[in-house]
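What follows is the residue order along each chain.
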Amino acid sequence: GATFTWSPAIQGTQFEIIIAVYTWDGSQLLGYVSCYENDDGAMTIPSQYLQAFPQGSLAAVHLIRHKMNAVDSYEIGGKLQSHMKWEVVGTGYIE
């Protein structure tokens with residue numbers, strides 16, 4: 001598998017990693033792997049998810065933190081919801 005770590009971990013947020021996999025020359029998208037869980041500063045993408053792709057395939061790695069919130073709004077008789085996300089994208093390849 002592939003283990004990713006980051007800092008700081010932020011309590012009350014969720015973290016998502018999306019790996020978009022392309023052919024070795026980048027000309028065709030082969031597929032995606034996506035994992036999502038509470039933000040604890042580390043995540044491992046299981047190896048069986050990545051084994052479907054040929055060695056040497058290019059990868060765009062999206063690291064995304066999500067923060068969602070809801071507050072009661074008596075004025076509208078419901079809830080106001082927010083969803084913020086911060087994302088960085090890196091590159092890699094499948095070994």
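Residues numbered from 1 in each chain as written. Predicted model: local features only at pLDDT ≥ 70, side-chain atom pairs only at ≥ 80, totals over all residues. Heavy atoms only, no water.

### A word on the pairing of strand β4 (residues 42-45)
Part 1: By the alternation rule, side chains of β4 split into Met 43 and Ile 45, which are all buried, and Ala 42 and Thr 44, of which none is buried.
Part 2: When strand β1 (residues 2-5) meets β4, the two strands line up antiparallel, connected through four bridges. Counterpart to Thr 3 in the pairing with β4 is Thr 44. (Buried < 20%, exposed > 50% of the residue type's maximum accessible area, 1.4 Å probe, protein only. Helix = DSSP H or I, 4+ residues; strand = E, 2+ residues; numbered from the N terminus. Pairing = 2+ DSSP bridges.)

### Overview of the sheet that holds strand β6 (residues 78-93)
Part 1: Read from one edge to the other, the open sheet built from four strands follows the order β3-β2-β5-β6, with strand pairing classed as antiparallel. Two strands lie at the open edges of the sheet, namely β3 (29-38) and β6, each paired on one side alone. Pairwise comparison of adjacent strand axes, ignoring direction, gives a mean angle of 15° for this sheet.
Part 2: Of the pairings in the sheet, the one linking strand β2 (residues 14-22) to strand β5 (residues 58-73) comprises nine bridges and is antiparallel in character. Bridge pairing in β5 links Ala 20 to Ala 60. (Axes fitted to C-alpha atoms, helices over the stretch in contact; angles between N-to-C directions.)

### Thoughts on the nonpolar core
The nonpolar side chains of soluble globular proteins are, as a tendency, buried together.
Part 1: Grouped together as the largest cluster of nonpolar side chains are 16 residues, with contacts concentrated most on Phe 4, Ile 17, Ile 19, Met 43, Ile 45 and Leu 50.
Part 2: Apart from the residues within four sequence positions on either side, Met 43 is in contact with Ala 2, Thr 3, Phe 4, Trp 6, Phe 15, Glu 16, Ile 17, Cys 35, Tyr 36 and Glu 37. (Core = buried A, V, L, I, M, F, W, Y, C linked by side-chain atoms within 4.5 Å. Contact = heavy atoms within 4.5 Å.)

### Considering the side chain of Thr 13
Part 1: As for its placement among the helices and strands, Thr 13 is situated in the loop between β1 and β2.
Part 2: There is a polar contact of 2.7 Å between the side chain of Thr 13 and the backbone oxygen of Ile 10.
Part 3: Those residues in contact with Thr 13, other than ones at most four positions away along the chain, are Asn 38, Asp 39, Arg 65, His 66 and Lys 67. (Polar contact = N/O pair within 3.5 Å; in protein donor to acceptor, adjacent residues only side chain to side chain.)

### Remarks on the layout of surface pockets
Rolled over the atoms, a probe with the dimensions of a water molecule shows which regions are left empty.
Part 1: Estimated volume of the largest pocket: approximately 300 Å³.
Part 2: If you trace the largest pocket, you find 16 residues lining it, with Ala 2, Leu 50, Tyr 93, Ile 94 and Glu 95 closest to the centre.
Part 3: Elements that contribute at least two residues to the lining of the largest pocket include exactly β1, α1 (47-50), β5 and β6.
Part 4: Looking at the lining of the largest pocket residue by residue, the classes come out as 10 nonpolar, five polar and one charged. (1 Å grid on protein atoms, 1.4 Å probe; cavity = no way out; pocket = protein on both sides within 12 Å on 5 of 7 lines; lining within 4 Å. Points joined across faces, edges and corners; volume = space filled by probe spheres on them. Nonpolar A, V, L, I, M, F, W, Y, C, P; charged D, E, K, R; others polar.)

### Structural notes on the confidence of the model for the protein
Reading predicted coordinates in detail is not appropriate for stretches of low pLDDT.
Part 1: The predicted model of the protein has a mean per-residue pLDDT of 95, with 100% of residues at 70 or higher.
Part 2: Across the protein, the secondary-structure element scoring lowest on mean pLDDT is α1, at 92, and the one scoring highest is β2, at 98. (pLDDT = per-residue confidence, 0-100.)

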